[in-house]
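Examination of the molecular architecture
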Amino acid sequence: MDRVVLPEVDSTSAEAARRALATPTWIMAHRQTAGRGRRGRAWAMPEGNFAASLVWRPGGDPAAMALRSFVAALALRDALVSLGVAGLTLKWPNDVLLDDGKLAGILLESPAPGLLVLGVGVNLIAVPEATSLEPGAVPPISLLSASGLRVEPAVMLDALAPAFAARDAQFLTWGFAPIRTAWLDHAARLGRGITVRLPGETLTGIFRDLDTDGCLVLETGHGLRRIAAGDVFFGEPQCS
Ligand SMILES: O=C(O)CCCC[C@@H]1SC[C@@H]2NC(=O)N[C@@H]21
């Protein structure tokens, strides 16, 4: 895989989409001026944290492209474990938690048909300034504060690029089954109560499973619900 390292960019994912490279390429930046997160949120990035996006044309159907979300979360966990980090769990669909704080986020986008951009942000040394954390949302945490480990962004990329290549090869060879099993092995809150916020609806229940399509399976008072997209909260449901 090729690599590009930039001192500053608006967003590595925006840059990846502009370049639209067919050769798989990691684009890393030391500063982002307009980093973005899931659901149109901003992603602030104090310098020293990790921001990189992989752009490539994976082939396969849109469903297989979407499952890269779990491939990526597992690969990011693998990479962090290889750097000596313990206490990592995965929050559906693709956050990496450390000691129950949000250490890393993943943004998967398809800016053009067949093109995939996987954006990865890791709070290596600092967390973004506390703005408005939604009640029940997992608070951000930095690797340095939680573990004392100081990892340079380039070292993070050296660990992540091969870890992702290995997990993606596993996915391409064996399909989603082993990825799903490994993801479940590290899932946060499995078998416990969670709240899932959907557009126009908030559900509470027990997090029972990840299904073979990557949907969260929630046991509610009205039976099982399969959820393809939503925000998961670990706190008590909020009154409205
Ligand atoms: O909301 C999330 O949890 C996803 C955050 C993803 C942030 C990364 S940082 C590198 C890449 N470039 C961006 O603008 N966003 C992603």
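Residues numbered from 1 in each chain as written. Predicted model: local features only at pLDDT ≥ 70, side-chain atom pairs only at ≥ 80, totals over all residues. Heavy atoms only, no water.

Concerning the sheet that holds strand β2 (residues 25-32)
To be explicit about the condition: Criterion used throughout: strands pair if DSSP finds at least two bridges between them. Secondary structure is summarised from DSSP: a helix means a run of H or I of at least four residues, a strand means a run of E of at least two, and numbering begins at the N terminus for each. Every angle, taken between N-to-C directions, lies between 0 and 180 degrees, and every axis is a line fitted to C-alpha atoms, over only the stretch in contact when it is a helix. When checking whether two residues touch, look at their non-hydrogen atoms; a contact exists if any pair is within 4.5 Å.
Judged by pairing direction, the sheet is mixed, and its seven strands sit side by side in the order β1-β2-β3-β7-β6-β5-β4 without closing on themselves. Either end of the sheet is taken by a strand with one partner, and the two such strands are β1 (2-9) and β4 (88-91). If you compare each strand with its neighbour and ignore which way they point, the axes differ by 20 degrees on average. Across the sheet, helix α1 (residues 12-19) touches β1, β2, β3 (50-56), β6 (101-112) and β7 (115-122), and the angle it forms with β2 is around 140 degrees.

Overview of the packing of helix α3 (residues 68-82) against helix α6 (residues 177-185)
Heads up, the condition is: Here is the rule for angles: anything less than 35 degrees is roughly parallel, anything more than 145 is roughly antiparallel, 65 through 115 is roughly perpendicular, and the remaining ranges are oblique. By the definition used in this description, the sense in which the near helix is turned from the far one sets the handedness, with an anticlockwise turn below a right angle giving left-handed and a clockwise turn giving right-handed.
Viewed as axis vectors pointing N to C, α3 and α6 meet at an angle of 50 degrees, and their least axial separation amounts to 10 Å. When the axes of α3 and α6 are compared, the pair comes out oblique. Crossing handedness for the pair α3 and α6: left-handed. Seen from α3, the contacting residues are F70, V71, A73 and L74; seen from α6, they are I179, A182 and W183.

What to know about the site of the ligand
Rules: It suffices for a single heavy atom of a residue to lie within 4 Å of a molecule or strand for the residue to be listed as near it. Counting of polar contacts relies on pairs of N or O atoms within 3.5 Å, with two restrictions inside protein: one atom must be capable of donating a hydrogen and the other of accepting it, and residues adjacent in sequence are counted only when both atoms are side-chain atoms. Per-residue and other accessible areas were derived by the Shrake-Rupley procedure at a 1.4 Å probe size, with only the shown protein chains allowed to occlude residues. Side-chain classes follow a simple rule in which Ala, Val, Leu, Ile, Met, Phe, Trp, Tyr, Cys and Pro form the nonpolar group, Asp, Glu, Lys and Arg form the charged group, and the remainder, Gly included, forms the polar group.
Neighbouring residues of the ligand: 20 residues in total, closest S11, Q32, R36, R38 and K102. One of the side-chain nitrogen or oxygen atoms of K102 is found 2.5 Å away from an oxygen atom of the ligand. Alone, the ligand offers 420 Å² of accessible surface; in the complex the protein occludes 98% of this. Elements supplying a minimum of two residues to the shell around the ligand: α1, β3, β6 and β7. When residues in the shell around the ligand are grouped by element, the largest group, four residues, is from β6. Split by residue class, the shell around the ligand holds six nonpolar, ten polar and four charged.

A closer look at the sheet that holds strand β8 (residues 193-198)
Read across the sheet, five strands follow the order β11-β10-β9-β8-β12 without closing on themselves; strand pairing throughout is antiparallel. Looking at which strands have only one partner, the edges of the open sheet turn out to be β11 (223-227) and β12 (231-233). Geometrically, the sheet is characterised by an average inter-axis angle of 45 degrees between neighbouring strands, direction not taken into account. Of the strand pairs in this sheet, strand β9 (residues 201-210) and strand β10 (residues 216-220) are connected by four bridges, and their pairing is antiparallel. Residue pairing across strands places I206 opposite E219, the latter belonging to β10.

Topic: the nonpolar core
As a reminder, the rule being used: Put simply, buried Ala, Val, Leu, Ile, Met, Phe, Trp, Tyr and Cys residues joined by side-chain atoms within 4.5 Å make one nonpolar core. The buried label applies to any residue whose accessible area, calculated with a 1.4 Å probe on protein chains only, is under 20% of its type's maximum; exposed applies above 50%, and partly exposed to all values in between.
Core analysis: the largest hydrophobic core is formed by 63 residues, its most contacted members being W26, F50, L76, M156 and W183. Among the elements that take part in this core, α3 stands out by supplying nine residues, more than any other. Not counting residues within four places of it along the chain, the set of residues in contact with W183 comprises F70, A73, L74, L90, K91, W92, P93, F207 and L210. Counting nine residues, the second-largest nonpolar core is a separate cluster that includes L6, I27, L115 and V117.

With respect to the side chain of K91
Residue position: K91 is located in strand β4. Ignoring anything within four residues of it in the chain, the contact list for K91 reads L97, V138, W183, V232 and F234.

Focus on the environment of A42
Assignment of secondary structure puts A42 in the loop between β2 and β3. When neighbours within four sequence positions are excluded, A42 is seen to be in contact with G35, R36 and G37.

Thoughts on unusual backbone geometry
Note that the residue after W92, namely P93, is joined by a cis bond; omega there is 0 degrees. Within the element layout of this structure, P93 appears in the loop between β4 and β5 (95-98). We note that D99 has phi near 45 degrees; this positive angle belongs to a residue other than glycine. Looking at where D99 falls in the secondary structure, it is placed in the loop between β5 and β6. Its identity is not glycine, yet D100 carries a phi of approximately 70 degrees, on the positive side. Along the chain, the position of D100 falls in the loop between β5 and β6.

All we've got here are geometric facts, nothing functional implied.
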